[in-house]
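Here are the chains, one letter per residue:
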Amino acid sequence: MSGGGGVLLQELGVVVEAAGEGATRLAIDRERVQLRGVRDSINGGLVAALVEAAFRVCLEAMLDAGEGLGRTQEVSVAYLSAARGERTTFEARLLRKGRRLAVGEVEVRDAGSGELNAKAQVSCALVPPAG
Amino acid sequence: MPVPEREAWLARFDTAPARRLGVAPESVERGFAAFAIAVPYGDERDDDPLFFATALHYAADIAALSAVIARCELEQPNGTASVHLAELAAPRGPVRVWSRVVHWGEYAALLEIAAEDASGALVARGLTGYSLRPPASMP
């Protein structure tokens, strides 16, 4: 996945709304989503995938010179309410970046009401600089 | 709600957006369901790891949902409550994602999830909680 510009993110119309030091917010309009879940919400599997994407975009901006982004290790999502807002945001925050592993959390919210739809934790491998 | 009739179940999950992810329904039985992910894609999707990641998460979610539907008697599925997925390895060939009910409670079910590639290697392993509506709460 490269910096939010991947093919699938473009197909889904996902936009990077904000990107700062160790924090990134992605957003998606529900009308663009065809994979639907309970009560016509965004499917939970897609929510988990976008949680993962948000953290990786966040982490890519925090890599040191020569450092690489490795595989996602674990994704844990607590689904709190159905993601049924017109626009849903995925706000990722880096909690800890070590030499070989980074851990972050992601909040999924209805952009209109601010309702928390899901809370997630993601870990991702890092590839240290050669030498 | 018994095990869904196979043709109806295939029709529900064999959709255009699922096919774009390479996800196709495979089998369903009481408390169990399996989906296939046809990777490698052989086109530009192989260059975007989010395609397989999304396929994996989506297949895990609908496998769990299908397993719950195929286990419900009087209860109703209410939605996925949680998922914990460890992504263990990159797939080497087509992947089979399955989910099985390991505990059936009054208000929630616990299911295991696994994804295995054509060589039998584990690609991902996880647990998901699924919220249930008991018969007494229904009108």
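Located above this text is the structure these notes cover.
The structure presented is a predicted model; accordingly, all values stated were derived computationally and were not measured.

Across its full length, chain A holds 2 helices and 6 strands. Traced from its N-terminal end to its C-terminal end, chain A shows the element sequence α-β-β-α-β-β-β-β. For a compact globule of 131 residues, the expected C-alpha radius of gyration is about 14 Å, and chain A comes in at 14 Å, within 12% of that figure. In terms of overall dimensions, chain A has C-alpha extents of about 50 × 25 × 20 Å along its principal axes. Taking all 131 residues of chain A together, 50% fall into the buried category. Partitioning the contacts of chain A with sequence separation of at least 6, the portion at a separation of at least 24 is 63%. If you sum the accessible surface of chain A, you get close to 5800 Å²; carbon and sulfur atoms cover 45% of it. Of the charged side chains in chain A, 16 are positive and 17 negative, and the gap between their average positions amounts to 4 Å.

Our focus in this paragraph is the pattern of salt bridges. Applying the stated criterion to the full structure yields 20 salt bridges over all chains. In this structure, Glu 67 of chain A and Lys 97 of chain A form a salt bridge, with 2.9 Å as the shortest nitrogen-oxygen distance. Of this pair, Glu 67 of chain A sits in the loop between α2 (44–60) and β3 (68–79) while Lys 97 of chain A sits in strand β4 (residues 87–97), and the two are 30 residues apart along the sequence. Glu 67 of chain A sits in the buried class, given a relative accessible area of 12%. Take Lys 97 of chain A: its relative accessible area is 22%, and that puts it in the partly exposed class. Two residues, Arg 19 of chain B and Asp 14 of chain B, come together in a salt bridge whose shortest N-O distance is 3.0 Å. Here Arg 19 of chain B falls in the partly exposed class, since its relative accessible area comes to 47%. In this structure, a network of salt bridges that share partners links the residues Arg 93, Glu 105, Glu 107, Arg 109 and Lys 119 of chain A.

What follows covers the packing of helix α1 (residues 6–13) of chain B against helix α3 (residues 49–69) of chain B. Relative placement of two packed helices is described by the angle separating their axes and the distance separating the axes. All names here are of chain B. Between α1 and α3, the shortest axis-to-axis distance is 12 Å and the interhelical angle comes to 150°. Relative to α3, α1 is oriented roughly antiparallel. The chirality of how α1 crosses α3 is right-handed. In this structure, α1 uses Trp 9, Arg 12 and Phe 13 to contact α3, whose residues at the interface are Tyr 58, Ile 62, Leu 65, Ser 66 and Ile 69. Considering only residue class, the contact of α1 with α3 consists of 6 nonpolar, 1 polar and 1 charged.

This part is about the packing of aromatic side chains. Residue and element names in this part refer to chain B. Taken as a whole and assessed by the stated rule, the structure comprises 5 aromatic pairs over all chains. One aromatic cluster is present, formed by Trp 9, Phe 13 and Phe 35 through successive ring pairs. The ring of Trp 98 has Arg 100 sitting right over it, with the charged end atom 5.2 Å from the ring centre.

Here we come to the pairing of strand β6 (residues 122–133) of chain B. On any regular strand, side chains alternate: one points to one face of the sheet, the next to the other face. Residue and element names in this part refer to chain B. Looking at chain direction, strand β3 (residues 76–87) and β6 are connected through 10 bridges and run antiparallel. Paired with Val 83 across the two strands is Thr 128, which belongs to β6. Bridge analysis of strand β5 (residues 108–117) against β6 gives 9 bridges, and the strand direction is antiparallel. Looking across to β6, one finds that Ala 115 is bridged to Ala 124. The turn linking β5 back onto β6 is made up of 4 residues, and Gly 120 within it adopts a positive phi angle of 90°.

Conventions we followed
- Residues numbered from 1 in each chain as written.
- Chains lettered and ligands numbered in written order.
- Predicted model: local features only at pLDDT ≥ 70, side-chain atom pairs only at ≥ 80, totals over all residues.
- Heavy atoms only, no water.
- Helix = DSSP H or I, 4+ residues; strand = E, 2+ residues; numbered from the N terminus.
- Rg over C-alpha atoms; globule rule 2.2 N^0.38 Å.
- Buried < 20%, exposed > 50% of the residue type's maximum accessible area, 1.4 Å probe, protein only.
- Contact = heavy atoms within 4.5 Å.
- Areas by Shrake-Rupley, 256 points an atom, 1.4 Å probe, with all protein chains shown as cover.
- Lys, Arg positive; Asp, Glu negative; His and termini not counted.
- Charge placed at Lys NZ, Arg CZ, Asp CG, Glu CD.
- Salt bridge = Lys/Arg side-chain N within 4 Å of Asp/Glu carboxyl O.
- Axes fitted to C-alpha atoms, helices over the stretch in contact; angles between N-to-C directions.
- Parallel < 35°, antiparallel > 145°, perpendicular 65-115°, else oblique.
- Left-handed = near helix turned anticlockwise from the far one by under 90°.
- Nonpolar A, V, L, I, M, F, W, Y, C, P; charged D, E, K, R; others polar.
- Phe/Tyr/Trp six-rings, centres within 6.5 Å; stacked < 30°, edge-to-face > 60°.
- Lys NZ or Arg CZ within 6 Å of the ring centre and 35° of its normal.
- Pairing = 2+ DSSP bridges.

As far as function goes, none of this settles anything; it's purely spatial.
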